[in-house]
Amino acid sequence: MAAPCLDDPSLERNFRGHKDAVTSVDFSFNMKQLVSGSMDSCLMIWHMKPHMRAYRFVGHKDAVMCVQFSPSGHLVASGSRDKTVRVWVPNLKGESTVFRAHTGTVRSVHFSNDGQSLVTASDDKTVKVWTVHRQKFLFSFSQHINWVRCAKFSPDGRLIVSASDDKTVKLWDKTSRECVHSFCEHGGFVNYVDFHPSGTCIAAAGTDNTVKLWDVRTNRLLQHYQLHSAVVNALSFHPSGNYLITASSDSTLKILDLMEGRLLYTLHGHLGPATCVAFSRSGELFASGGVDEQVMVWKSNLATDYGDPLKNHRSGGARGYAKSPPEMDFSETSLGIKAQDPIRSPQTDVVTLPPTITNTLEHIVGQLDVLTQELHSKASSFLEGLHLFSQGKSFLGSSREK
């Protein structure tokens with residue numbers, strides 16, 4: 001039985017800086033930085049230490065769909081709707097290398113635990129594996145028949161799991177490069193998939209509002225949760241393996257106790273769909289992002305005893321419980337009337353990188369201002385002539401209205 005929670009989860013930080021929906025979040029290994037990607041085509045590197053500047057990385061030509069820190073924390077990978085993958089150095093210079101990874105939107109990037117390999121997934125229906133050094137292409141999997149939303153390495157790096165709009169989750173052997181099993185129980189598109197820290201099972205989230213867990217050794221369905229009222233967009237295992245957190249278009253985050261097979265908490269904070277969620281490497285924190293352009297950092301306050309939570313699994317868990325789990329509201333409306341809540345405004349300055357792009361954009365804007373002035377002058381002359389003409393033929397205006 002899981003150890004009792006130390007305290008309820010609490011909202012610690014609220015970062016604003018993106019100009020469109022947040023698509024992905026991830027902590028660095030030492031928890032000093034948090035990276036987020038957005039539909040605004042930018043990455044943001046947020047510092048967990050208060051009052052430190054955030055970095056905005058500019059380079060992708062379209063929406064950033066996914067981001068992840070390397071295990072060492074020295075690199076950040078990002079995938080975009082511009083069909084490229086970029087590997088960044090998360091410092092003030094914001095240097096990156098870019099490569100054309102796919103022929104469609106890149107939906108997912110994930111480093112192997114040894115930091116040597118990178119797996120990507122795309123709307124071109126393929127999963128590809130690359131070396132991190134020099135981004136050399138190694139091989140691809142192409143048995144999905146629709147967009148591939150997500151692909152992840154197993155903790156030992158021997159397996160890869162992928163989730164697709166073809167309603168399947170596929171398990172691949174990295175050495176033989178073959179599909180070893182297809183899980184077909186989802187009733188809709190599969191948005192997200194990840195390995196349990198033990199590597200013995202996987203969890204997948206879908207557009208059928210469900211979360212399912214399978215044992216990858218026996219291919220058996222272990223647990224099935226139907227707790228959200230809308231699409232489940234993302235999930236993340238607590239490092240202890242005892243808990244799972246989900247993010248949904250119903251605007252909530254939900255924390256599940258895998259030991260008991262039940263819902264622990266429902267968290268309200270985002271104003272609109274919650275699109276992504278991720279635990280820190282220690283499990284002490286988790287971060288979430290939403291269509292409301294916000295990145296929220298939460299203190300988990302979960303027990304961290306490490307065991308095998310699915311050893312005595314309960315298939316179909318979380319369908320009922322004697323006591324209703326607490327619902328916690330951290331939305332702006334709620335927080336506005338709770339002065340005692342320990343929410344700290346980060347007051348974060350944003351540094352946009354690289355400066356060369358900023359200079360180029362400023363030049364373009366300047367040129368557009370000149371062009372606008374010229375067009376305005378010509379338009380004024382044209383309208384003045386049109387006015388004189390319309391005085392003699394006023395019926396033109398009334399006929400257009402009809």
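In this text the structure is predicted, and so the values were computed from the model without any measurement. (Residues numbered from 1 in each chain as written. Predicted model: local features only at pLDDT ≥ 70, side-chain atom pairs only at ≥ 80, totals over all residues. Heavy atoms only, no water.)

1. A word on the UniProt feature "repeat: WD" (unreviewed entry) in the chain
Piece 1. The feature "repeat: WD" (unreviewed entry), as annotated in UniProt, sits at residues 15-49, 57-88, 99-140, 141-182, 183-224, 225-266 and 267-299 in this numbering.
Piece 2. Across residues 15-49, the secondary structure splits into 0% helix and 57% strand, with the terminal C-alpha atoms separated by 12 Å. (UniProt positions renumbered as here; feature names shortened; annotations may be inferred. Helix = DSSP H or I, 4+ residues; strand = E, 2+ residues; numbered from the N terminus.)

2. Looking at the environment of H186
Piece 1. The residue H186 is located in the loop between β17 (178-183) and β18 (190-195) in this model.
Piece 2. Sequence-wise, H186 and V211 are 25 residues apart; in three dimensions their C-alpha atoms are separated by 9.0 Å.
Piece 3. Once residues within four sequence positions are removed from consideration, H186 is found in contact with K167, A204, A205, G206, D208, T210, K212 and W214.
Piece 4. Here the side chain of H186 touches D208 through a polar contact of 3.4 Å, side chain to side chain. (Contact = heavy atoms within 4.5 Å. Polar contact = N/O pair within 3.5 Å; in protein donor to acceptor, adjacent residues only side chain to side chain.)

3. Looking at the nonpolar core
Piece 1. With 47 residues, the main nonpolar core has V169, I202, L213, L244, L253, I255 and F286 as its most contacted residues.
Piece 2. In terms of residue count, the dominant contributor to this core is strand β19 (residues 201-206) (five residues).
Piece 3. For L253, the residues in contact, after removing those within four places along its chain, are I245, T246, A247, Y265, T266, L267, A274, V277, F286, S288 and W298.
Piece 4. Judged by nonpolar contacts, the second largest core, of 15 residues, contains W46, M48, L285 and V297. (Core = buried A, V, L, I, M, F, W, Y, C linked by side-chain atoms within 4.5 Å. Buried < 20%, exposed > 50% of the residue type's maximum accessible area, 1.4 Å probe, protein only.)

4. Considering the sheet that holds strand β14 (residues 148-153)
Piece 1. Strand order across the open sheet formed by four strands is β14-β15-β16-β17, with antiparallel pairing between neighbours. At either margin of the open sheet sits one strand with a lone partner, and together these are β14 and β17. Shown here is a sheet whose adjacent strand axes are inclined to one another by a mean of 20 degrees, direction ignored.
Piece 2. Pairing analysis gives five bridges linking β14 to strand β15 (residues 159-164), with the strands arranged antiparallel. Within β15, the residue paired with A151 across the bridge is S162. (Pairing = 2+ DSSP bridges. Axes fitted to C-alpha atoms, helices over the stretch in contact; angles between N-to-C directions.)

5. Observations regarding the side chain of H228
Piece 1. Inspection of the secondary structure assignment puts H228 in the loop between β21 (221-225) and β22 (232-237).
Piece 2. Of the polar contacts made by the side chain of H228, one reaches the side chain of T246; its length is 2.7 Å.
Piece 3. A distance of 2.9 Å separates the side chain of H228 from the side chain of D250, its partner in a polar contact.
Piece 4. Those residues within four positions of H228 in sequence are excluded, and the remaining contacts are N209, T246, S248, D250, T252 and K254.

6. Brief notes about the side chain of S10
Piece 1. Its location among the elements puts S10 in strand β1 (residues 10-16).
Piece 2. Here E12 takes part through its side chain, which lies 3.2 Å from a polar atom of the side chain of S10.

7. Considerations on the pattern of salt bridges
Piece 1. One pass over the structure, following the stated rule, counts eight salt bridges.
Piece 2. The partner of K212 in a salt bridge is D208, with the nearest N and O atoms 3.7 Å apart.
Piece 3. Looking at K212, the relative accessible area reads 5%, which means it is buried.
Piece 4. Residue R217 pairs with D215 through a salt bridge whose shortest N-O separation is 2.9 Å. (Salt bridge = Lys/Arg side-chain N within 4 Å of Asp/Glu carboxyl O.)

8. Observations concerning the packing of aromatic side chains
Piece 1. Within this structure, the stated rule accounts for ten aromatic pairs.
Piece 2. Judged by centre distance (5.8 Å) and plane angle (10 degrees), the rings of F286 and W298 are stacked. Separated by twelve residues along the polypeptide, F286 in strand β27 (residues 285-290) and W298 in strand β28 (residues 294-299) bring together distant segments of the chain.
Piece 3. Among the residues examined, W298 registers a relative accessible area of 0% and is labelled buried.
Piece 4. Grouped by ring-pair contacts, the aromatic residues Y55, F57 and W88 constitute a single cluster. (Phe/Tyr/Trp six-rings, centres within 6.5 Å; stacked < 30°, edge-to-face > 60°.)

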